[in-house]
Amino acid sequence: MECAAVGRGLAALMLAGLPLAGWAHPHMWVDAQAEVIFDPQGRVSALRQTWQFDEMFGAYATQGLPRQADGGLAESTRKSMAQDWMKALGEPISHYFTRVTQNGATLPFAAPVDSEVRWDGQRLALSFTLPLKQPVAPGASGLSIDVFDPTYFVAYAFDAPQAWRLSNAPANCRQSYRPPQALDWKTMQQLAAIPSDVDTLPDELFAITKGLTHRNELRCS
């Protein structure tokens, strides 16, 4: 299944060399926030995201890494992690697990900027900015911004207050966040039963999880 690469683009690199025994789908959990950035002309120019990974992933991913006197990760280590992770996320299929569309057409991104990794002693967080190749005015027809991993290697949550924010937006712009449909208990049990070394989902589960998108609808009229 070609779309299995969506999850592997992030998970394969981030989990490389980590003991996955006992892990099932999803392999990691992310508390996410997103900021839609407007330029002075009132056009959407970029999307700034922060993904904070779960404690289990933080513990495994930082094992054996050099520490500073205060127990933190050295700046050079965090910079290297950010560069490696952004390279993995840039694969054409995964493409940062983010899609911006207008009138059904997907808008291309320029190269990401301002990527950084932070570590609070328990959880790692990745922040990065995705500029649009060409800024675009949402207008009355609007823009749709989707963040999702249809192979469900990564489970996102936009639960924090103001998890979606607008920066320098014109006064007539409004956003509407639509969370993914909740999985039923039977489906969650089926996902949990998939061995951690299986890198694709069964077709019947893939058909369900590919719809687990976090969508923000943005209109300016």
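Sequence positions are assigned chain by chain, starting from 1 and proceeding in written order. pLDDT decides what is reported in this predicted model: residues at 70 or higher carry local features, side-chain atom pairs at 80 or more are listed and counted, and totals for whole chains, interfaces and linings draw on all residues regardless. Side-chain descriptors were evaluated using all non-hydrogen atoms of the structure, hydrogens and water having been removed beforehand.

A. Looking closely at the overall build of the protein. The way it works is that DSSP assigns letters per residue, a run of H or I at least four long becomes a helix, a run of E at least two long becomes a strand, and they are numbered from the N terminus. Along the protein, the regular secondary structure elements total five helices and 11 strands. Here the contacts in the protein between residues at least 6 apart in sequence split such that 74% fall between residues at least 24 apart. As presented, the protein carries roughly 10,900 Å² of accessible surface, and 51% of it is formed by carbon and sulfur atoms. We call two residues in contact whenever any of their non-hydrogen atoms come within 4.5 Å of each other. Surface accessibility in these figures is a Shrake-Rupley result with a 1.4 Å probe; residues are shielded only by whichever protein chains are displayed.

B. Region of the structure containing the state of the cysteines. Disulfide: a pair of cysteine sulfur atoms within 2.5 Å of each other. The full count for this structure, using the stated rule, is one disulfide. Between the sulfur of Cys173 and that of Cys220 lies a disulfide, 1.9 Å long from S to S. Taking the sign of the S-S torsion, 105° for the link of Cys173 and Cys220, the bridge is right-handed. Taken together, the positions of Cys173 in strand β10 (residues 173-178) and Cys220 in strand β11 (residues 214-220) put the pair 47 residues apart, joining distant regions of the chain. Each residue's exposure class comes from its accessible area (1.4 Å probe, protein chains only) as a fraction of the maximum for that residue type: buried when under 20%, exposed when over 50%, partly exposed otherwise. With relative accessibility at 10%, the residue Cys220 sits in the buried group.

C. The arrangement of the sheet that holds strand β3 (residues 98-102) in detail. Following DSSP output, two strands are said to pair if at least two bridges run between them. Strand order in the open sheet made by the five strands is β4-β3-β7-β11-β10, with antiparallel pairing throughout. Bordering the open sheet on either side are β4 (105-106) and β10, each of which pairs with just one other strand. In terms of strand pairing, β3 meets strand β7 (residues 143-147) through four bridges, oriented antiparallel. Bridge pairing links Thr101 to Ser144 in β7.

D. Molecular detail of the environment of Leu166. Position of Leu166 among the secondary structure elements: in strand β9 (residues 164-167). Separated by 130 residues in the primary sequence, Leu166 and Val36 have C-alpha atoms spaced 4.9 Å apart. Excluding residues within four positions of it along the chain, Leu166 makes contact with Val36, Phe38, Cys173, Gln175 and Leu218.

E. Inspection of the pairing of strand β5 (residues 113-119) at higher detail. Pairing analysis gives five bridges linking β5 to strand β6 (residues 124-136), with the strands arranged antiparallel. Within β6, the residue paired with Arg118 across the bridge is Ala125. Where β5 folds back on β6, the antiparallel hairpin that results is connected by four residues, among which Gly121 adopts a positive phi of roughly 100°.

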